Amino acid sequence: MQPDFNELLTVLERKSPSRPVLFEFYMNDNVYDTLVDPKELPSEDEDIAERVKLLLSFYRLGYDYATLLPPKESFFPELREHHDDRRTYSLNEGSHIDSWKAFEEYPWPDYSDIDYSYLEKVTSYLPEGMKLIPSGPGGVEEVVISLTGYENLCYMMVDDEDLVDALFEAVGSRLVKYYKEVAAFDSVGACLSNDDWGFKTQTLLSPSQMERWLIPWHRKISQAIHDSHKPALLHTCGNVYPVFNWISESYEGKHSYEDSILPVEDAWETYHDQIAILGGIDVNYMIMESQQNVYERSRALLERTAQEGSFALGTGNSVPDYLPNDKYFAMLKAAWDLRGITAEVSHALG
Amino acid sequence: MVDMNALSELLQRGKAKDVKEMTQQAVDEGISVQTILDDGLLSGMNVIGVKFKNNEIFVPEVLIAARAMNAGMEVIKPLLIDNNIESRGVVVIGTVKGDLHDIGKNLVGMMMRGKGLTVIDLGTDVAPQTFIESAISNKADIIACSALLTTTMKEMGNVVKAVKDARLDESVKVMIGGAPVTESFKDMIQADAYSSDAASAAEIALQLCRKVS
Ligand code: B12
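No experiment lies behind these values; they were computed from the predicted model shown.

Visitor: Got a minute to help me understand a negative patch on the surface in this structure?
Guide: All names here are of chain A. Where like charges cluster on the molecular surface, the negative patch consists of Glu73, Asp110, Asp113 and Asp115. Turning to its location among the elements, Glu73 is positioned in the loop between strand 1 (65-68) and helix 4 (100-105). Accessibility expressed as a relative area gives 40% for Glu73, which makes it partly exposed.

Visitor: Sorry, what's going on with the environment of Glu50 of chain A here?
Guide: Mapped onto the secondary structure, Glu50 of chain A falls in helix 3 (residues 46-60). Residues Glu50 of chain A and Cys191 of chain A, 141 residues apart in the sequence, show an inter-C-alpha distance of 19 Å.

Visitor: Just checking my understanding: could you explain the interface of chain A and chain B for this structure?
Guide: Accessible area lost upon the coming together of the parts is a frequently used measure of interface size. On the chain B side, the residues contacting the 29 residues of chain A number 33 residues. Both sides together, the interface formed by chain A and chain B hides about 2600 Å², and carbon and sulfur atoms give 62% of it. Taken together, the links from chain A to chain B amount to 1 salt bridge. Its salt-bridge partner being Asp159 of chain A, residue Arg67 of chain B comes within 2.9 Å of it at the nearest N-O pair. Secondary-structure elements contributing two or more residues to the side of chain A that touches chain B are helix 7 (150-159), helix 9 (207-226) and helix 12 (283-288) of chain A. At 6 residues, the largest contribution of residues to the side of chain A that touches chain B is made by helix 7 of chain A. Looking at the side of chain A that touches chain B, its residues break down into 13 nonpolar, 11 polar and 5 charged.

Visitor: What's the story with the sheet that holds strand 7 (residues 311-312) of chain A in this structure? I'm lost.
Guide: Backbone hydrogen bonds are what pair the strands of a sheet, in a parallel or an antiparallel way. Residue and element names in this part refer to chain A. What the 5 strands build is an open sheet, ordered 3-4-5-6-7; its pairing is parallel. Where the open sheet ends on each side, the last strands, each with one partner, are strand 3 (191-194) and strand 7. Bridge count between strand 6 (residues 276-278) and strand 7: 2 bridges; the pairing is parallel. Within strand 7, the position partnered with Ile277 by the bridge is Phe311. Helix-sheet contacts for helix 11 (residues 264-271) involve strand 6 and strand 7, and the interaxial angle to strand 6 is about 165 degrees.

Visitor: Would you mind going over the packing of helix 14 (residues 325-339) of chain A against helix 15 (residues 342-349) of chain A with me for this structure?
Guide: Packed helices, taken two at a time, are described by the angle their axes make and the gap between the axes. Residue and element names in this part refer to chain A. It is the contact of helix 14 with helix 15, at a shortest axis distance of 9 Å, that shows an interaxial angle of 140 degrees. Together, Phe329, Lys333, Trp336 and Asp337 of helix 14 and Thr342, Val345 and Leu349 of helix 15 make up the contact between the two elements. Of the residues assigned to the contact of helix 14 with helix 15, the class counts are 4 nonpolar, 1 polar and 2 charged.

Visitor: Is there a simple way to think about the state of the cysteines in this case?
Guide: Put plainly, a disulfide is one covalent bond tying together the sulfur atoms of two cysteines. Scanning all chains against the criterion turns up 0 disulfides over all chains. Here Cys191 of chain A is not disulfide-linked; the sulfur of Cys237 of chain A is the nearest cysteine sulfur, at 19 Å. Left without a disulfide partner, Cys209 of chain B is nearest to the cysteine sulfur of Cys145 of chain B, which lies 15 Å away. Taking the relative accessible area as the measure of exposure, Cys209 of chain B reaches 0% and is therefore buried.

Visitor: Looking at this structure, I do not really get the packing of aromatic side chains. What am I missing?
Guide: Two numbers describe a pair of aromatic rings. These are the distance of the centres and the angle of the planes. Residue and element names in this part refer to chain A. Scanning all chains against the criterion turns up 18 aromatic pairs over all chains. Taking 5.5 Å as the distance between ring centres and 55 degrees as the angle between the ring planes, the aromatic pair formed by Phe58 and Tyr65 counts as tilted. With a relative accessible area of 0%, Phe58 lands in the buried category. When the centroid spacing of 5.0 Å and the interplanar angle of 75 degrees are considered together, the rings of Tyr178 and Tyr179 count as edge-to-face. Here Tyr178 and Tyr179 have matching classes, each one buried.

Visitor: Can you walk me through the pattern of salt bridges in this structure?
Guide: Pairing between side chains of opposite charge can happen when the charged atoms of each approach one another. Residues and elements named next belong to chain A. What the rule picks out here adds up to 28 salt bridges over all chains. The partner of Lys15 in a salt bridge is Glu13, with the nearest N and O atoms 3.1 Å apart. Using a relative accessible area of 45% as the deciding quantity, one classes Glu13 as partly exposed. Of the charged contacts in the structure, one is a salt bridge between Asp165 and Arg212, with a shortest N-O distance of 3.0 Å. With Asp165 in helix 8 (residues 161-183) and Arg212 in helix 9, this residue pair connects regions lying 47 residues apart in the sequence.

The rules behind these values
- Residues numbered from 1 in each chain as written.
- Chains lettered and ligands numbered in written order.
- Predicted model: local features only at pLDDT ≥ 70, side-chain atom pairs only at ≥ 80, totals over all residues.
- Heavy atoms only, no water.
- Patch = residues over 30% accessible without salt bridge, like charges linked within 9 Å, V, L, I, M, F, W, Y side chains within 5 Å.
- Areas by Shrake-Rupley, 256 points an atom, 1.4 Å probe, with all protein chains shown as cover.
- Salt bridge = Lys/Arg side-chain N within 4 Å of Asp/Glu carboxyl O.
- Lys, Arg positive; Asp, Glu negative; His and termini not counted.
- Charge placed at Lys NZ, Arg CZ, Asp CG, Glu CD.
- Helix = DSSP H or I, 4+ residues; strand = E, 2+ residues; numbered from the N terminus.
- Buried < 20%, exposed > 50% of the residue type's maximum accessible area, 1.4 Å probe, protein only.
- Contact = heavy atoms within 4.5 Å.
- Buried area = accessible area lost by both parts, 1.4 Å probe.
- Nonpolar A, V, L, I, M, F, W, Y, C, P; charged D, E, K, R; others polar.
- Pairing = 2+ DSSP bridges.
- Axes fitted to C-alpha atoms, helices over the stretch in contact; angles between N-to-C directions.
- Disulfide = S-S within 2.5 Å.
- Phe/Tyr/Trp six-rings, centres within 6.5 Å; stacked < 30°, edge-to-face > 60°.

Set out below in structure tokens:
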């Protein structure tokens, strides 16, 4: 089960890896707890223990990297009411910044003072051949929406453009700094910029709004990552196909696919010459279909893409806690079988 | 004399203040409320709906236009009642139990209002029984459910079942939508209608109301 980050790099160069490669944003505790015994984790530092738990999970399932959440201090404080018992929340709930006064009073996180030492501390647990892929504390658009509320932001884009400029600047400049810092670490092999831009039929902001407020920051983020000679990957959901060129001009890999918008098979056919297609088996499909169907679709996709490459197998979004482990493992098994590591992984799964 | 096309244009451009003023001017000039409603406000929203469905405009533009429509509606609302102008149908809308997403639901509600339907918005995290009670008390033609995750989408089946259990299935149609929802899921749970976008949802709702009543 030897991990080899170069295999993922080959995919990101839009070439064919020597064996199937897996890609996931993150899984959930049901998965991590199946794979890792708490006794294996360092007891002195809870934050590092959490990160090592993920790292070992990714390793044991056959990935060549592990994703890494950003440090707590980098998150933009949410002043909205919390309801942790609930499953979902509304994109309108952020709405605390709707005036210059609120903008100035907001407790902006101090990015000049963030401790990134976890990127070194976890290296002793990093199996040979594996690298880290840090993700961001939300993306530029996501964070701005969380600060203003979606509908409020739409009104502000007409009513107070200067405030919108200031908001994107305040968030974007911090995220550029974050990626610049994390990309420079030796343990980091690539960075994941996570920013949901679309929904079922179009983008959440109009292309002209995106061009004015959003895309310049994504160009800067990818540049910050490229400055350390690392590939930049974008996780973005929804129907972003009309603005796909903006993605492929800045990023080496695109993650997130939905059958109701464009099935990953079609996305690969259309775009794999332009950008590496990462993940893609629709979350809804994985829940609704049988294990056998999930396995067969995943395997067919791996076989279809084997020669030309530019593809890594994964879910369309992430592995949410309502996606049963068996379905997730059925998808992975398609890659394990082709790599001849099923017995080895099954052993780790107990 | 206020030109209804001009009113519709202003609405499409999201000029809430101007729409309000022009609507008031039209009322003062004695133009019938029905004309202001149909040829000015709803006609403007109709264009917005078509453009949105064709991806010629985007949600932010829809929201701005809907805000302008509401500004005009506020002026004529009391007159609609005075003139006994009936709505074209009643829709009870909500995001299903366990789900708190509301952007899509709000848009569907706006577009339905833009078709002249009365929309009762129950908010998010709405239990099947709440849909039923509201449908009965408001004499609704349609229950419209929104959901964004597969895990909450399953609640829609419970709403369909609750409608049958309450023997409302003759008079109330169930419409469903949201990110993971598809036509085949609609068939599976035996709901009455599905659409992938808010503008089509409003068109279908209007057709269903015409059939129901
Ligand atoms: C923004 C977003 C987020 C944001 C914010 C979520 C939020 N609270 O609002 C963040 C980043 C936080 C997020 C998190 C998650 N997300 Co999310 N998210 C989205 C995204 C990109 C857009 C949702 C949105 O705002 N849409 C905007 C509105 C306008 O669109 P809409 O609701 O679809 O409505 C339109 C139509 O559907 C229709 N419509 C809507 N309602 C109705 C009703 C009727 C009656 C009719 C006829 C029509 C209709 O009309 C509307 C306008 O045209 C979607 C992708 C997508 N395809 O939508 C994923 C998506 C919903 N997320 C997904 C997932 C998995 C998650 C997480 C579970 C990830 C995880 N592992 O933790 C979490 C769960 C969060 C939570 N607890 O709720 C999956 C769901 C998969 C599934 N089938 O279950 C999606 C589909 C993405 C994907 N790639 O698969 N998400």
